[in-house]
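# What the coordinates show
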Amino acid sequence: QVQLVESGGGFVQAGGSLRLSCVASGSIRRLHVIGWYRQAPGKQRELVASISRDGSTNYKDSVKGRFTMSRDNAKNTAYLQMNSLKPEDTAVYYCNAVTLVTMRDYWGQGTQVTVSS
């Protein structure tokens, strides 16, 4: 029932910034939590950041202080602001959402983030 579309990825130099967007097909108030995951070549997919209905956030230690997640309920969109990017941040970034009640997972198609040194 939920479609997620990511955008905002690109190629940047170390120290640069990007803002990723995740647009949901329906009201994000219906979602228990929205998360950003990333997967680098040869690596397992890992949770980078998440945000709950009340706006509370959680971050992977390595991105804390550099990344900020937010949500705009009116636009049905979650964001990941990424500052001070490092080459180790290079990965495909995926938006994930878990619905209320049913706790069903949905995934976006991913957006590539490449950080050069």
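Starting from 1, residues in each chain are numbered consecutively following that chain's sequence as written. Reporting in this predicted model follows two pLDDT cut-offs: at least 70 for local features of residues, and 80 or more for side-chain atom pairs to be given and counted; totals over whole chains, interfaces and linings ignore these cut-offs and use all residues. Think of the side-chain values as coming from all heavy atoms in the structure, minus any hydrogens and water.

### Some points on the layout of surface pockets
Computed over the protein atoms alone on a 1 Å grid, cavities are sets of points where a 1.4 Å probe fits but cannot get out and pockets are open sets with protein on both sides within 12 Å along at least five of seven lines; a residue lines them when it has an atom within 4 Å of a point. Grid points are joined across faces, edges and corners, and a volume is the space filled by probe spheres set on the points. Considering only enclosed or pocket space, the largest pocket measures out at about 220 Å³ in volume. Lining the largest pocket are 13 residues, with Gln1, Val2, Arg30, Leu31 and Thr99 sitting closest to its centre. Three classes are used, and their members are as follows: Ala, Val, Leu, Ile, Met, Phe, Trp, Tyr, Cys and Pro are nonpolar, Asp, Glu, Lys and Arg are charged, and the others, Gly among them, are polar. Split by residue class, the lining of the largest pocket holds five nonpolar, six polar and two charged.

### Some words on the nonpolar core
The biggest cluster of nonpolar side chains holds 29 residues, and the ones touching the most others in it are Ile34, Met69, Leu80, Met82 and Tyr93. Of all the secondary structure elements, the ones that give two or more residues to this core are β3 (18–24), β4 (31–39), β5 (46–52), β7 (67–72), β8 (77–82), β9 (91–99) and β11 (111–116). Whether two residues are in contact is decided by their heavy atoms: any pair within 4.5 Å suffices. Met69 has contacts with Ile34, Gly35, Trp36, Ala49, Ser50, Ile51, Thr57, Tyr59, Ala78, Tyr79 and Leu80, leaving out every residue within four places of it along the chain. For the purposes of this section, nonpolar cores are sets of buried Ala, Val, Leu, Ile, Met, Phe, Trp, Tyr and Cys residues that join through side-chain atoms within 4.5 Å. Working definition: with a 1.4 Å probe on protein chains only, accessible area under 20% of the residue-type maximum means buried, over 50% means exposed, and in between means partly exposed. In DSSP terms, a helix is any run of H or I states spanning at least four residues, a strand is any run of E spanning at least two, and both are numbered starting from the N terminus.

### Digging into the pattern of salt bridges
A pair is scored as a salt bridge if a Lys or Arg side-chain nitrogen falls within 4 Å of a carboxyl oxygen belonging to Asp or Glu. Under the criterion given, the structure shown has four salt bridges. Measuring nitrogen to oxygen at the nearest pair gives 3.0 Å for the salt bridge that ties Asp89 to Arg38. Remark: Arg38 occurs in strand β4 and Asp89 occurs in the loop between β8 and β9; sequence separation between them is 51 residues. When sorted by exposure, Asp89 lands in the same class as Arg38, which is buried.

### Some points on the packing of aromatic side chains
Ring pairs are drawn from Phe, Tyr and Trp, using the six-membered ring of Trp, whenever the two centres fall within 6.5 Å, and their geometry is named by plane angle: stacked under 30 degrees, edge-to-face over 60, tilted for the rest. Counted under the stated rule, the structure contains two aromatic pairs. When the ring of Tyr94 is compared with that of Trp107, the centres are 6.5 Å apart and the planes differ by 85°; the resulting orientation is edge-to-face. Pair noted here: Tyr94 is in strand β9 and Trp107 is in strand β10 (residues 105–107), with a separation of 13 residues, a long-range link. A residue is classified by how much of its surface remains accessible, and Tyr94, at 15% relative accessible area, is buried. We call a charge positioned over a ring when the NZ of a Lys or the CZ of an Arg lies within 6 Å of the ring centre and within 35 degrees of the ring normal. Taking the ring centre of Trp107 as reference, the NZ or CZ of Arg45 above it sits at 4.8 Å.

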